[in-house]
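What follows is the residue order along each chain.
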Number of protein chains: 2
Amino acid sequence: MNELDFENILPDQIEKRSFEIITQELGNIKLADENADVIKRVIHTTADFEYVSSLCFSENAVKHAREAILGGASIVTDTKMASVGINAIRLSQYGGQVFSFMSDEDVAADAKENGTTRAAACMKKAVSIDKPLIIAVGNAPTALIKLEELIREKRIKPELIIGVPVGFVNVVQSKELIMGAGIPYIVAKGRKGGSNVAAAICNALIYGIDGK
Amino acid sequence: MNELDFENILPDQIEKRSFEIITQELGNIKLADENADVIKRVIHTTADFEYVSSLCFSENAVKHAREAILGGASIVTDTKMASVGINAIRLSQYGGQVFSFMSDEDVAADAKENGTTRAAACMKKAVSIDKPLIIAVGNAPTALIKLEELIREKRIKPELIIGVPVGFVNVVQSKELIMGAGIPYIVAKGRKGGSNVAAAICNALIYGIDGK
């Protein structure tokens, strides 16, 4: 047990070292420059290199999202886990806030009344926020499906959709659907994703503004 | 786009249907009965079947953990994301609480003073809780390394260690280390894991008490 070969590394160097290892292991795999730090941060969060091929970006999505954040955009997420994982302090420096409506009583009531999920009801609630928004869905495909409907009805027009719900029921389909909604997107195709992935993408967008 | 083949399913049936799909796709892979619902819930949370082979359980770990929860054990986690993902209401029905000390000022001060991570300092703080504890590490290998040291020094004796940090620096080694600490464990060998995985394991333990 004492034979374990630990790296001796200072706490504030761990993240830097992790990104070095990721870059090294990517080897000759060429990431598009503008998307590289989002992809690497998702790998950092998941230790899963599948995201190299599953993450899809609409044209200039990262650039557009960063401009939106610089302009004060807020982030709406579909889980509390994602909302606490986003660096709200850094976001607030540009004027944005992080919203999650999952625990709100009106959302629970709306979901019950309409036989839908709370995550879908959250998307309806997002319509009432009269600010530029990034919508980050890390859990519920039903949120993406409702969001696409609201976009079609011209009731909401987010700056960016982060579509990374995880799971087995309608997840793959909801991601395909949202990529056709005419809104800038970052989507993890397939079944994988999660609140942690949603938060990691938001943080990569925020951190990249200062080039850090 | 309208050709997408969505499953028409009621919100309260989605989780049940997801577990059916997981069971179906596992096919002939035989999970140990006592560990099956933990493994399946982790797959449900990650859509990643690698956990079938990476999750390691010490003997009777699940049984022992459920007895501890029934006896009022609390859960200490190393991230706020994990702590909000654990069903604290269900846990509280048995008398337990969810603790995360990551935002505590004394933890930040201790980490700075000792040149360690806040996650490691959190483990030191857990020593002061005079209750049966489950320690769930979903992020920081430094937390597992400190925890193993505290166990060796007989300063803490958790009922269960959930060792599922994720990443590239000392993650694999910290998991090997903690499996030799003489404490019941559930560990995801290798680099993968995460706050979401830690929370999923806690919830599977809690939900399984009532057989749900």
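Residues numbered from 1 in each chain as written. Chains lettered and ligands numbered in written order. Predicted model: local features only at pLDDT ≥ 70, side-chain atom pairs only at ≥ 80, totals over all residues. Heavy atoms only, no water.

- Going by what an unreviewed UniProt entry lists, chain A is known as Precorrin-8X methylmutase and is assigned to Anaerotalea alkaliphila.
- Of the comments in the UniProt record for chain A, the one headed Pathway (unreviewed entry) reads "Cofactor biosynthesis; adenosylcobalamin biosynthesis."
- Of chain A, the UniProt comment under Sequence similarities (unreviewed entry) reads exactly: "Belongs to the CobH/CbiC family." (UniProt positions renumbered as here; feature names shortened; annotations may be inferred.)

**What about the sheet that holds strand 4 (residues 133-137) of chain B?**
All names here are of chain B.
- Pairing is mixed in the open sheet, where 6 strands are placed in the order 1-6-5-4-2-3. Of all strands in the sheet, those with a lone pairing partner are strand 1 (55-57) and strand 3 (98-100), marking the two edges. Each strand of the sheet is rotated relative to its neighbour by a mean of 15 degrees, with strand direction disregarded.
- Bridge analysis of strand 2 (residues 74-77) against strand 3 gives 3 bridges, and the strand direction is parallel. Looking at strand 3, one finds that Val 76 is bridged to Phe 99. (Pairing = 2+ DSSP bridges. Helix = DSSP H or I, 4+ residues; strand = E, 2+ residues; numbered from the N terminus. Axes fitted to C-alpha atoms, helices over the stretch in contact; angles between N-to-C directions.)

**Digging into helix 2 (residues 33-46) of chain B**
Residues and elements named next belong to chain B.
- Its 14 residues place the ends of helix 2 21 Å apart at the C-alpha level, agreeing with the 20 Å of an ideal helix rising 1.5 Å per residue.
- Of the positions making up helix 2, those classed as buried are Asn 35, Ala 36, Val 38, Ile 39, Lys 40, Arg 41, Val 42, Ile 43, His 44, Thr 45 and Thr 46.
- Each element contacted by the buried residues of helix 2 is listed here: helix 1 (14-26), helix 3 (51-54), strand 1, helix 4 (61-70) and helix 11 (195-209).
- Directly beyond the C-terminal end of helix 2, a positive phi value near 55 degrees is found at Ala 47. (Expected span 1.5 Å × (residues − 1). Buried < 20%, exposed > 50% of the residue type's maximum accessible area, 1.4 Å probe, protein only. Contact = heavy atoms within 4.5 Å.)

**Some points on the sheet that holds strand 5 (residues 160-163) of chain A**
All names here are of chain A.
- Here we have 6 strands laid out as an open sheet, ordered 1-6-5-4-2-3, and mixed in their pairing. On the outer flanks of this sheet lie strand 1 (55-57) and strand 3 (98-100), each paired with one strand and no other. Neighbouring strand axes in the sheet, compared pairwise and without regard to direction, differ in orientation by 15 degrees on average.
- Of the pairings in the sheet, the one linking strand 1 to strand 6 (residues 185-188) comprises 3 bridges and is antiparallel in character. Within the sheet, the bridge partner assigned to Leu 55 lies in strand 6 and is Ala 188.

**Quick look at the packing of helix 4 (residues 61-70) of chain A against helix 11 (residues 195-209) of chain A**
Residue and element names in this part refer to chain A.
- Taken N-terminus to C-terminus, the directions of helix 4 and helix 11 make an angle of 70 degrees; their axes are 9 Å apart at the nearest point. Comparing the axis directions of helix 4 and helix 11 gives the class roughly perpendicular. Taking contact as the criterion, the partners of Val 62, Ala 65, Arg 66, Ile 69 and Leu 70 in helix 4 are, on helix 11, Ala 204, Leu 205, Ile 206, Gly 208 and Ile 209. (Parallel < 35°, antiparallel > 145°, perpendicular 65-115°, else oblique.)

**A few points about the interface of chain A and chain B**
- Tallying the contact residues gives 44 residues for chain A and 44 residues for chain B.
- Run the count over chain A and chain B and you get 4 salt bridges.
- Note that Asp 48 of chain B is salt-bridged to Lys 192 of chain A, the shortest N-O span being 3.6 Å.
- A total of 6 residues in the side of chain A that touches chain B trace back to one element, the largest contributor, which is helix 1 (residues 14-26) of chain A.
- Class assignment of the residues belonging to the side of chain A that touches chain B gives a composition of 19 nonpolar, 16 polar and 9 charged. (Salt bridge = Lys/Arg side-chain N within 4 Å of Asp/Glu carboxyl O. Nonpolar A, V, L, I, M, F, W, Y, C, P; charged D, E, K, R; others polar.)

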